[in-house]
Amino acid sequence: MTEAQRPASPVLPDAFHPDTFYGALDPVKLAHADSLKWTLYGEGVIPMWVADMDFPVAPPILRALQERLEHGLGYPQLMGDPRLIEALRRKLAGNGLTDLPAEGFAFLPGVVPGLYMAVNALSEPGQPVATMTPVYHPFHLAITDLGREVASAPLRAGADRWEIDWDALEAAAARSRLLMLCHPHNPTGRVWDSAELTRLRDLVRRHDLFVISDELHADLRFTGRPFESFAADPAMRERTLTVTGPCKAYNTAGLGIGVLVSHNTDLLKRVKAKAAGLTGHPSALSITMWRAALAEGGPWLTQTVEYLRGNRDLLTQFLTERLPWVKFFPVEATYLAWLDLRAHPRAGDIQAFLLEEARVAVHNGPIFVPEAEKADYQGFIRLNFATSRALLTEALERMARALA
Ligand SMILES: Cc1ncc(COP(=O)(O)O)c(C=O)c1O
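Rules of the game
- Numbers given for residues are sequential positions, taken from 1 along each chain in its written order.
- The model is predicted, so local features are restricted to residues of pLDDT at least 70 and side-chain atom pairs to those at 80 or more, both for listing and for counting; the totals for chains, interfaces and linings are taken over all residues.
- Excluding hydrogens and water, the side-chain figures rest on all heavy atoms present in the structure.
- UniProt positions are given in the numbering used here, feature names are shortened, and annotations may be inferred rather than shown by experiment.
- At least two DSSP bridges between two strands are needed for those strands to be called paired.
- A run of H or I in DSSP becomes a helix once it reaches four residues, and a run of E becomes a strand once it reaches two; helices and strands are each numbered from the N terminus.
- Think of it in three bands: with a 1.4 Å probe and only protein chains considered, a residue is buried below 20% of the maximum accessible area for its type, exposed above 50%, and partly exposed in between.
- Think of it as the arc spanned by the lines of direction from the helix axis to the C-beta atoms.
- Pairs of residues are marked as contacts when any of their non-hydrogen atoms sit within 4.5 Å.
- The term polar contact refers here to a pair of N or O atoms within 3.5 Å; inside protein, the definition further demands a hydrogen-donor-capable atom paired with an acceptor-capable atom, and it admits residues adjacent in sequence only when both atoms are side-chain atoms.
- A fitted line through C-alpha atoms represents every axis, and for helices the fit uses only the stretch in contact; the resulting angles, taken between N-to-C directions, go from 0 to 180 degrees.
- Angle categories are assigned with fixed cut-offs, so that under 35 degrees is roughly parallel, over 145 is roughly antiparallel, 65 to 115 is roughly perpendicular, and the rest are oblique.
- Rotating anticlockwise by less than a right angle from the far helix to the near helix defines a left-handed crossing, while the corresponding clockwise rotation defines a right-handed one.
- When residues are sorted by character, Ala, Val, Leu, Ile, Met, Phe, Trp, Tyr, Cys and Pro go into the nonpolar class, Asp, Glu, Lys and Arg into the charged class, and all the rest, Gly among them, into the polar class.
- Whether two aromatic rings pair depends on their centres lying within 6.5 Å, for rings of Phe, Tyr and Trp, where Trp uses its six-membered ring; planes under 30 degrees apart make the pair stacked, over 60 edge-to-face, and the rest tilted.
- If a single non-hydrogen atom of a residue is within 4 Å of a molecule or strand, that residue counts as near it.
- Surface accessibility follows the Shrake-Rupley procedure with a 1.4 Å probe radius. Residue values consider only the protein chains on display as shielding.

Per an unreviewed UniProt entry, the protein is named cysteine-S-conjugate beta-lyase, and its organism is Deinococcus reticulitermitis. For the record of the protein, the UniProt heading Sequence similarities (unreviewed entry) holds the text "Belongs to the class-II pyridoxal-phosphate-dependent aminotransferase family. MalY/PatB cystathionine beta-lyase subfamily." Listed in UniProt under the heading Cofactor (unreviewed entry), the comment for the protein reads: "pyridoxal 5'-phosphate".

(A) View of the sheet that holds strand E11 (residues 336-340). Taken in spatial order, the three strands make up an open sheet running E11-E14-E13, and their pairing is antiparallel. Two strands close off the open sheet at either side, each with one partner strand: E11 and strand E13 (363-364). Here E13 runs beside strand E14 (residues 380-384); their pairing, made up of two bridges, is antiparallel. Across the sheet, His-363 pairs through a bridge with Arg-382, a residue of E14.

(B) Molecular detail of helix H10 (residues 265-274). Looking only at H10, the buried set comprises Leu-267, Leu-268 and Val-271. Buried residues of H10 fall within an arc of 100 degrees about the axis and therefore sit on the same side. Facing away from the buried side of H10 by over 90 degrees, the exposed positions are Asp-266, Lys-269 and Ala-273. Considering only its buried residues, H10 is in contact with strand E2 (105-108), helix H6 (112-122), strand E8 (210-214), strand E9 (240-244) and strand E10 (258-261). The residue sitting at the N-terminus of H10 and contributing the capping side-chain oxygen is Asn-264; that oxygen lies 3.2 Å from the backbone nitrogen of Asp-266.

(C) The arrangement of the packing of helix H12 (residues 298-322) against helix H14 (residues 389-403) in detail. Look at H12 against H14: their axes get within 11 Å of each other, and the N-to-C directions meet at 20 degrees. Judged by the inter-axis angle, H12 sits roughly parallel to H14. When the axes of H12 and H14 are compared, the crossing they make is right-handed. Of H14, the residues touching H12 (which contributes Glu-306, Tyr-307, Gly-310, Asn-311, Leu-314, Leu-315, Phe-318 and Arg-322) are Arg-389, Leu-392, Thr-393, Leu-396, Glu-397 and Ala-400. The residue inventory of the contact of H12 with H14, partitioned by class, reads seven nonpolar, three polar and four charged.

(D) Main features of the packing of aromatic side chains. Throughout the structure, instances matching the rule amount to 12 aromatic pairs. Each ring, one from Trp-162 and one from Phe-329, has its centre 5.8 Å from the other, and the planes form 75 degrees; the classification is edge-to-face. Of the two residues, Trp-162 sits in strand E6 (residues 162-163) while Phe-329 sits in the loop between H12 and E11, which places them 167 residues apart along the sequence. The pair Trp-162 / Phe-329 is uniform in exposure class, with both members buried.

(E) Focus on the site of the ligand. The ligand sits among Ala-51, Gly-110, Val-111, Val-112, Tyr-136, Cys-182, Asn-186, Asp-214, Leu-216, His-217, Cys-247 and Lys-248. Here an oxygen atom of the ligand and a side-chain polar atom of His-217 are 2.8 Å apart. Alone, the ligand offers 400 Å² of accessible surface; in the complex the protein occludes 88% of this. Residues that form the shell around the ligand fall into these classes: seven nonpolar, three polar and two charged.

Right, dumping it as structure tokens:
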């Protein structure tokens, strides 16, 4: 079927204005039984925890999936779909990962397996692995689940953004062989800038580290500057694995797929060999979905990022005016806000308090740090603002009332 012959999506018009479309999200429809986000806390709770957007799938993705189903569901290209590899090579070149070899791609059923594979292959049990905390919890869980030790470098609050504590990171790097980097960083929403990346690369070179750089949120940026991969510097290519996927930008977490990418094909082979048979392969539909996203999902993504930018600004304004004691820095990327509510008398159980009193479900800050640091992050929350303006406003009003 040619592009022109394809039927229009039955769910969404091709050209939709996110302001009006997303404004109409209906909590009753969102709370279907398949949704982890909407079912965990039950009726009446606005879920702003797990990193899913409440938005429907982009129309070109829906069309491609419908078409794929008509072909049947045999094994897809298990060694890596050449059309997907080509599309990713073009896309990642735009982030500075130029000249990636076709053998430099290992497809996985998600990004998290790539994190575990890197820890498993590039460090030994008992060894420290460096990472900057707080961080997306599977980072520190991969380290401890696999019997390694977290060598953490806590981020510190700068004047207007979260910053790397270079002394702490030097100390962590000196004990480690592997650095786990989250870029953009979940939960703080930082995009490490060129100066920081240059300094990070110097540190990595001096301490002779391997790096796994999780760049899953790279397409959800509000900074306006181009995204620079950690391995954009050719000097880092031999020692770096980059891991990414479509699930955050295109809201497709239910169709798990991810990819480990490296210029160093020997390193990639070594990492794959250590996990042989354990990870499985991505599903046929997930491959189709990612190809459609890369080929035709651009306009949807641009509109969605603009909508998210509006939500971020709404959140910033609301907190500044209504809850001025809540400390936070404006989010540069992701749809996740990292909020410091330690000044509240109920900081010690703030997640439970907001759930009970505001009927709003957020992620509890201590989840994002390893055991030894949990007490320091009581009173922090991570709030997912990827929903309609109406629902975001309702949730913030409820929180403001409860916290008053
Ligand atoms: C930084 C980061 N990496 C990985 C994931 C999960 O990816 P996947 O579901 O593909 O394993 C998330 C989900 O929120 C994330 O924020």
